[in-house]
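So the chains spell out like this:
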Amino acid sequence: MPDSKKYEKILDSLQQLLEQKNIQTISVSEIASNAGMGKGSIYYYFPSKNAILEALIKRNYEKPLQIAKHLATQTDVSPFTRMAMLFQACHNSSSAFLNQNNTTEISSAQDQALLHQKYLNYLISELKPDLAEIIKQGIDRGEIHFDYPEALSEIVLIVIAIKLDNSFIPSTPEETENTLKGLISLLERGTGIPNGILSYLSLL
C-alpha cells in the first residue's frame, strides 16, 4: 500500500531541488537521494520525473481549486457571485505560482516556460468543468444566454489565466486591465449578462 508520507517526501524533494537547480538537470536518482530513499521507491509512486512535477504543481494549488469545485455546488448563491469567487480563486492560484517562482533561483528560461505551461494547463483543465457548470446553472435560471457553456468556460479561463500569469504575453497593468475590460464587454454582449455585473474582472 502506498505510503502518503513517502509520496509527500518525494514532492518535497523536487521542490527543494527546484530552488537550487534547473529542472532539466535534475534526475530521478537525485530526487531519490535528496528524499533519502532508493530510486526504485520513486518509480513505485511516479512513472517519471514529469509525473512528479505535475503532482507538485497539483499540490501547490489544490486549496484554491477545491474552493472553486465547492462553488459549483452552491446553487442557492447567484451564478455571478460564484463566478466572481471562482475567478478570485484563479487569481489567488496564479499569484501563489508567481510568488513562488520569484523566491526561487530558477534561472533557465526553458524551465520557466515549462513550469508555466504545466501550471496553466492544470489550472484551466481543473477549473473548466466547474465554471461550465455554473454557467449552465445561470442558463437554466434565464440569467445567461449562450449555447456552448463548456466553450465559453474555456475561452474565459484561457484569457484570464494567461493575462494574470503575465509570462507568455508580458503586459503592463494597463494593458491587462484593457484586455479584461474587452473580455467583459464581449461577455455582456454575447451572453445577455447585465452591464456592470462582471466589472470585478478588470480589478483582478
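Now for a description of the structure that goes with this document. (Residues numbered from 1 in each chain as written. Predicted model: local features only at pLDDT ≥ 70, side-chain atom pairs only at ≥ 80, totals over all residues. Heavy atoms only, no water.)

**Notes on the pattern of salt bridges**
Reasoning step 1: On inspection of all chains with the given rule, the structure shows 8 salt bridges.
Reasoning step 2: In this structure, Lys 118 engages Glu 54 in a salt bridge whose closest nitrogen and oxygen atoms are separated by 3.2 Å. Of this pair, Lys 118 sits in helix α7 (residues 109–140) while Glu 54 sits in helix α4 (residues 49–60), placing them 64 residues apart in sequence.
Reasoning step 3: Overall, Lys 118 belongs to the buried group, its relative accessible area being 13%.
Reasoning step 4: Among the residues examined, Glu 54 registers a relative accessible area of 40% and is labelled partly exposed.
Reasoning step 5: A salt bridge links Arg 141 to Glu 143; the shortest N-O distance between them is 3.6 Å.
Reasoning step 6: Here Glu 143 falls in the partly exposed class, since its relative accessible area comes to 26%.
Reasoning step 7: By sharing partners, the salt bridges in this structure join Glu 8, Asp 12 and Arg 59 into a single network. (Salt bridge = Lys/Arg side-chain N within 4 Å of Asp/Glu carboxyl O. Helix = DSSP H or I, 4+ residues; strand = E, 2+ residues; numbered from the N terminus. Buried < 20%, exposed > 50% of the residue type's maximum accessible area, 1.4 Å probe, protein only.)

**Observations regarding the packing of helix α8 (residues 149–165) against helix α9 (residues 173–191)**
Reasoning step 1: In the contact formed by α8 and α9, the axes pass within 10 Å of each other and the chain directions differ by 170°. Judged by the inter-axis angle, α8 sits roughly antiparallel to α9. When α8 is examined against α9, the residues Leu 152, Val 156, Val 159, Ile 160 and Lys 163 are found in contact with a partner set consisting of Thr 176, Thr 179, Leu 180, Leu 183, Leu 187 and Thr 191.
Reasoning step 2: Residues belonging to the contact of α8 with α9 are distributed by class as follows: 7 nonpolar, 3 polar and 1 charged. (Axes fitted to C-alpha atoms, helices over the stretch in contact; angles between N-to-C directions. Parallel < 35°, antiparallel > 145°, perpendicular 65-115°, else oblique. Contact = heavy atoms within 4.5 Å. Nonpolar A, V, L, I, M, F, W, Y, C, P; charged D, E, K, R; others polar.)

**A few points about the environment of Asn 60**
Reasoning step 1: Turning to its location among the elements, Asn 60 is positioned in helix α4.
Reasoning step 2: Along the chain, Asn 60 and Tyr 119 lie 59 residues apart, while their C-alpha atoms are 9.9 Å from each other.

**Considering the packing of aromatic side chains**
Reasoning step 1: A full pass over the atoms with the stated rule returns 3 aromatic pairs.
Reasoning step 2: Seen from their ring centres, Tyr 44 and Tyr 45 are 5.0 Å apart, and the 90° between their planes marks the pair as edge-to-face. (Phe/Tyr/Trp six-rings, centres within 6.5 Å; stacked < 30°, edge-to-face > 60°.)

**As for the environment of Pro 173**
Reasoning step 1: As for its placement among the helices and strands, Pro 173 is situated in helix α9.
Reasoning step 2: Residue classification places Pro 173 among the exposed positions, given a relative accessible area of 72%.
Reasoning step 3: Linking Pro 173 and Lys 163, residues 10 residues apart in sequence, is a C-alpha distance of 9.7 Å.

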